[in-house]
Amino acid sequence: MKKLLFILPGPVRPEIVQERNRFFHLGKYFVGDIIQPSWECDREFLRRLPDAIPNFRYHLTYSSDMHPVLKFFWDLVYCLWVGFCVRISSGRYDAIVTYGLTKTALVGYILKW
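Undergrad: For the pairing of strand E2 (residues 30-36), give the residues involved together with the corresponding values.
TA: On a regular strand, one side chain projects to one face of the sheet and the next to the other, so that they alternate. Most of E2 is tucked away, with 5 of its 7 residues classed as buried. Note: strand E1 (residues 2-7) against E2, 6 bridges, orientation parallel. Residue pairing across strands places Phe6 opposite Ile34, the latter belonging to E2. Two elements, E2 and strand E3 (residues 56-60), share 5 bridges in a ladder whose sense is parallel. Residue pairing in the sheet places Ile35 in a bridge with His59 of E3.

As structure tokens, then:
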């Protein structure tokens, strides 16, 4: 299977219902990781998330309560750190998908090398 990395810019809560979750459908053909800023969620939701998207792993930044300037740099460094750690542990990605023009695009550009 091809390995994908998704870097998402906003704290949008993923859909738990599998039929409405894009990563569930992509998981039939791909494996990979998703890096995303966190949202307000409970433990029950986090427990059910791996069942909703079985072939992707979520990496949350937990930066929703930070000051906007600090949040930008925290998300940037966190995305780079997680991307490099996952790349070292399980190899290069076949494709990196970024949603956004600034922070996520910069991280994707750096991680592609």
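Okay, back to it.
Undergrad: Quick rundown of the sheet that holds E2? Include the residues and the values.
TA: Spatial ordering of the open sheet is given by E3-E2-E1-E4, a layout of 4 strands whose pairing is parallel. One side of each edge strand has no neighbouring strand; the edge strands of this open sheet are E3 and strand E4 (95-98). Taking each pair of neighbouring strands and ignoring which way they run, the sheet shows an average axis angle of 15°. Packing against the sheet, helix H3 (residues 68-90) makes contact with E1, E2 and E3, and its axis sits at approximately 145° to E3. Each of E1 and E4 touches helix H4 (residues 103-112); the most contacted strand, E4, lies at about 170° to it.

Undergrad: Describe H3, listing the residues and the values that go with them.
TA: Relative to the 33 Å expected for 23 residues at 1.5 Å per residue, H3 spans 32 Å between its end C-alpha atoms, a close match to the ideal helical length. Burial in H3 covers these residues: Lys71, Asp75, Leu76, Tyr78, Cys79, Leu80, Val82, Gly83, Val86 and Arg87. Buried residues belonging to H3 abut E1, E2, E3 and H4. Once H3 finishes, Gly91 follows within two positions and takes phi at roughly 95°, a positive value.

Criteria and thresholds
Residues numbered from 1 in each chain as written. Predicted model: local features only at pLDDT ≥ 70, side-chain atom pairs only at ≥ 80, totals over all residues. Heavy atoms only, no water. Buried < 20%, exposed > 50% of the residue type's maximum accessible area, 1.4 Å probe, protein only. Helix = DSSP H or I, 4+ residues; strand = E, 2+ residues; numbered from the N terminus. Pairing = 2+ DSSP bridges. Axes fitted to C-alpha atoms, helices over the stretch in contact; angles between N-to-C directions. Contact = heavy atoms within 4.5 Å. Expected span 1.5 Å × (residues − 1).

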